[in-house]
Amino acid sequence: MNIPLQRLIDGIIATMRSDVIPHVTDSYARGQAVGVIDLLNNIAPRVEWAQAPLTRLVAAKRAVLAEIAPLVLGVDIPAMDTEPATAEDLLAVKARLDAAIGDAVAIVWPRRGEADFARAAAILAGHLHDEMAAEMRITRKPLFAEIAGGAKT
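Residues numbered from 1 in each chain as written. Predicted model: local features only at pLDDT ≥ 70, side-chain atom pairs only at ≥ 80, totals over all residues. Heavy atoms only, no water.

Participant: What is the right way to look at the overall build of the chain in this model?
Facilitator: For the chain, the count of helices and strands is six helices and zero strands. Starting at the N terminus and walking to the C terminus, you meet the elements of the chain as α-α-α-α-α-α. Counting only residues that meet the buried cut, the chain has 24% of its 153 residues in that class. Each charge sign in the chain was given a centre, from 16 positive and 19 negative side chains, and these centres are 5 Å apart. (Helix = DSSP H or I, 4+ residues; strand = E, 2+ residues; numbered from the N terminus. Buried < 20%, exposed > 50% of the residue type's maximum accessible area, 1.4 Å probe, protein only. Lys, Arg positive; Asp, Glu negative; His and termini not counted. Charge placed at Lys NZ, Arg CZ, Asp CG, Glu CD.)

Participant: I tried to follow helix H4 (residues 87–108) on my own but got confused; where do I start?
Facilitator: Since the α-helix advances by 3.6 residues per turn, residues separated by three or four positions end up pointing in the same direction. With 22 residues, H4 extends 31 Å between its outermost C-alpha atoms, agreeing within 8% with the 32 Å of an ideal straight helix rising 1.5 Å per residue. Turning to H4, its buried residues number three or more, namely Ala87, Leu90, Leu91, Val93, Lys94, Leu97, Ala100, Ile101, Ala104 and Val108. On its buried side, H4 packs onto helix H3 (51–68) and helix H5 (115–138). (Expected span 1.5 Å × (residues − 1). Contact = heavy atoms within 4.5 Å.)

Participant: Could you clarify how one ought to interpret the nonpolar core in this entry?
Facilitator: Within soluble globular proteins, side chains that are nonpolar tend to cluster in buried spots. Counting residues in each nonpolar core, the largest one holds 22 residues, and the members touching the most others are Leu65, Ile68, Val108 and Leu124. Those elements giving two or more residues to this core turn out to be H3, H4 and H5. Ranked by residues supplied to this core, first place goes to H4 with nine residues. Leave out the neighbours within four places in its chain, and leucine 124 touches Val64, Ile68, Ile101, Ala104, Val105 and Val108. (Core = buried A, V, L, I, M, F, W, Y, C linked by side-chain atoms within 4.5 Å.)

Participant: Please explain the environment of alanine 115 as it appears in this structure.
Facilitator: Within the element layout of this structure, alanine 115 appears in helix H5. Placed 44 residues apart in sequence, alanine 115 and leucine 71 show a C-alpha to C-alpha distance of 9.2 Å.

Participant: Could you clarify how one ought to interpret the packing of H3 against H4 in this entry?
Facilitator: A pair of packed helices is characterised by two quantities: the angle between their axes and the separation of those axes. Orientation of H3 relative to H4, taken along the N-to-C sense of each, is 25 degrees, at an axis distance of 9 Å. In terms of their interaxial angle, H3 and H4 are classed as roughly parallel. Crossing angle aside, the handedness with which H3 passes H4 is left-handed. Contacts from Gln51, Leu54, Thr55, Leu57, Val58, Lys61, Arg62, Leu65 and Ile68 of H3 reach H4 at Ala87, Leu90, Leu91, Val93, Lys94, Leu97, Asp98, Ala100, Ile101 and Ala104. (Axes fitted to C-alpha atoms, helices over the stretch in contact; angles between N-to-C directions. Parallel < 35°, antiparallel > 145°, perpendicular 65-115°, else oblique. Left-handed = near helix turned anticlockwise from the far one by under 90°.)

Participant: What exactly am I supposed to notice about the packing of helix H1 (residues 5–20) against helix H2 (residues 27–43) here?
Facilitator: One way to put it is that H1 packs onto H2 with a least axis distance of 10 Å and a crossing angle of 160 degrees. By the angle between their directions, the pair H1 and H2 is classed as roughly antiparallel. In the packing of H1 onto H2, the handedness of the crossing is left-handed. Where H1 approaches H2, its residues Ile9, Ile12, Ile13, Met16 and Arg17 are matched on the opposing element by Ala33, Val36, Ile37, Leu40 and Asn41. Its residues assigned to classes, the contact of H1 with H2 shows eight nonpolar, one polar and one charged. (Nonpolar A, V, L, I, M, F, W, Y, C, P; charged D, E, K, R; others polar.)

What follows is the structure, given as structure tokens:
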């Protein structure tokens, strides 16, 4: 969930047009694939990422930066000009916070042997672990066997 939903949908449509439909020989299946593109084109302007999980991510990232800022000189928390109103706004804030966390890692990692930096490194590692664990909880297992074999579901 790190990219705008519109970009994800556009990518699915492009893949359907360039990689799927040209290889579908059955006219009924081809029509169904084109129908999926039509559905995606019509649903895209009506949906966005859920804001509650994004709001939690933004809050967690702000908390991590706030916790390590007193330990490490040079770690800044990006300011928000306005309160994010849409998922797109939240993704933009999240991107700025991710960049700040990346900058913090670059500052902390070379000096992780020092006490304050070691504590900051542990906080950052904990945050990154928690974030990945949360993503894994909402990610469904891939259908490798069906994808590889083209098996029916």
